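Descriptive analysis of the structure
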Amino acid sequence: MMKTVLTSAFTLMAFPALAAGGPFFSLNNTDFVVAIAFVLFLALLTYLKVPGKLAGMLDSRADGIRAELDEARSLREEAQSILADYERKQQEVQTQADKIVATAKEEAKAAATKAKEDLKSSIARRMQAAEDQIASAQASAVKEVRDSAVNVAIQAANDVIAKGMTAKDAGGLIDAAIKDVGEKLH
């Protein structure tokens, strides 16, 4: 009620009271009529409780805004919590990925080392097999040369016997056959 009285008093003070000619408190004075209409308008607004309704609307709007702010605050806190969880999970996943990469590198190094050892072993086996083949081929060649020398010696002996050579001639032929065999071996 006090607000209404003060509002009305200040409103009346704001009008230029002596702007129109003649006495102010006359119905012929337009300023007075406007002032009375304004006061009646304010009284009607007060009677209909418009200021209370406006205050109530503003209060309800303020309450709505406050509720929205509280909801926004709770959503922000929830979002921060979710972000923290996400960052923690991301860190865990990164740690696991680092462990997997480290394990894969170690396994790759171990596999490479084993492959090198297997390759060295395979090369050593192949070298041994090649050396064995070479030795076998060399032994076979020596045997063939000896067999050939024996055949040549037998042939020479047959020729000596067949031609009736002297022993001196036969010894020369044997020496020549031995010399041929020696050349074939080297």
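Coordinates for the structure precede this section.
Below, the structure is looked at part by part. (Residues numbered from 1 in each chain as written. Predicted model: local features only at pLDDT ≥ 70, side-chain atom pairs only at ≥ 80, totals over all residues. Heavy atoms only, no water.)

1. Comments concerning the overall build of the protein
When helices and strands are counted, the protein shows four helices and zero strands. Ordered by position in the sequence, the α and β elements of the protein form the string α-α-α-α. Out of the 186 residues belonging to the protein, those deemed buried represent 8%. Excluding contacts between residues fewer than 6 apart, the proportion of contacts in the protein whose partners are at least 24 apart in sequence is 37%. Surface exposure of the protein reaches about 15,500 Å², of which carbon and sulfur atoms provide 64%. (Helix = DSSP H or I, 4+ residues; strand = E, 2+ residues; numbered from the N terminus. Buried < 20%, exposed > 50% of the residue type's maximum accessible area, 1.4 Å probe, protein only. Contact = heavy atoms within 4.5 Å. Areas by Shrake-Rupley, 256 points an atom, 1.4 Å probe, with all protein chains shown as cover.)

2. Regarding helix α2 (residues 30-47)
Compared with the 26 Å implied by 1.5 Å per residue over 18 residues, the 25 Å span of α2 between its first and last C-alpha is a close match. When we look at burial in α2, the residues that qualify are F32, A35 and L42. The buried residues of α2 occupy an angular sector of 90° when the element is viewed end-on, so they sit on one face. Among the exposed residues of α2, those oriented more than 90 degrees off its buried face are T30, L40 and Y47. Phi turns positive one or two residues past the end of α2, at K49, with a value near 60°. (Expected span 1.5 Å × (residues − 1). Arc of directions from axis to C-beta.)

3. Overview of the pattern of salt bridges
With the rule as written, the count across this model stands at six salt bridges. As a salt-bridge pair, D63 and R66 come within 2.8 Å of each other at their nearest N and O atoms. Taken together, the residues D63 and R66, both in helix α3 (residues 50-163) and three residues apart, mark about one turn of the helix. Since its relative accessible area comes to 44%, D63 is described here as partly exposed. By relative accessible area, which is 48% here, R66 ends up partly exposed. With a closest N to O distance of 3.8 Å, K143 and D147 form a salt bridge. With K143 and D147 both in helix α3 and four residues apart, the pair spans about one turn of that helix. Since its relative accessible area comes to 37%, D147 is described here as partly exposed. Counted as one network, the salt bridges with shared partners bring together D85, R88 and E92. (Salt bridge = Lys/Arg side-chain N within 4 Å of Asp/Glu carboxyl O.)

4. Let's talk about the side chain of N29
By secondary structure assignment, the location of N29 is in the loop between α1 (2-14) and α2. The exposure class of N29 is buried, given its relative accessible area of 2%. Polar contacts involving the side chain of N29 include one to the main-chain amide nitrogen of D31, which spans 3.1 Å. (Polar contact = N/O pair within 3.5 Å; in protein donor to acceptor, adjacent residues only side chain to side chain.)

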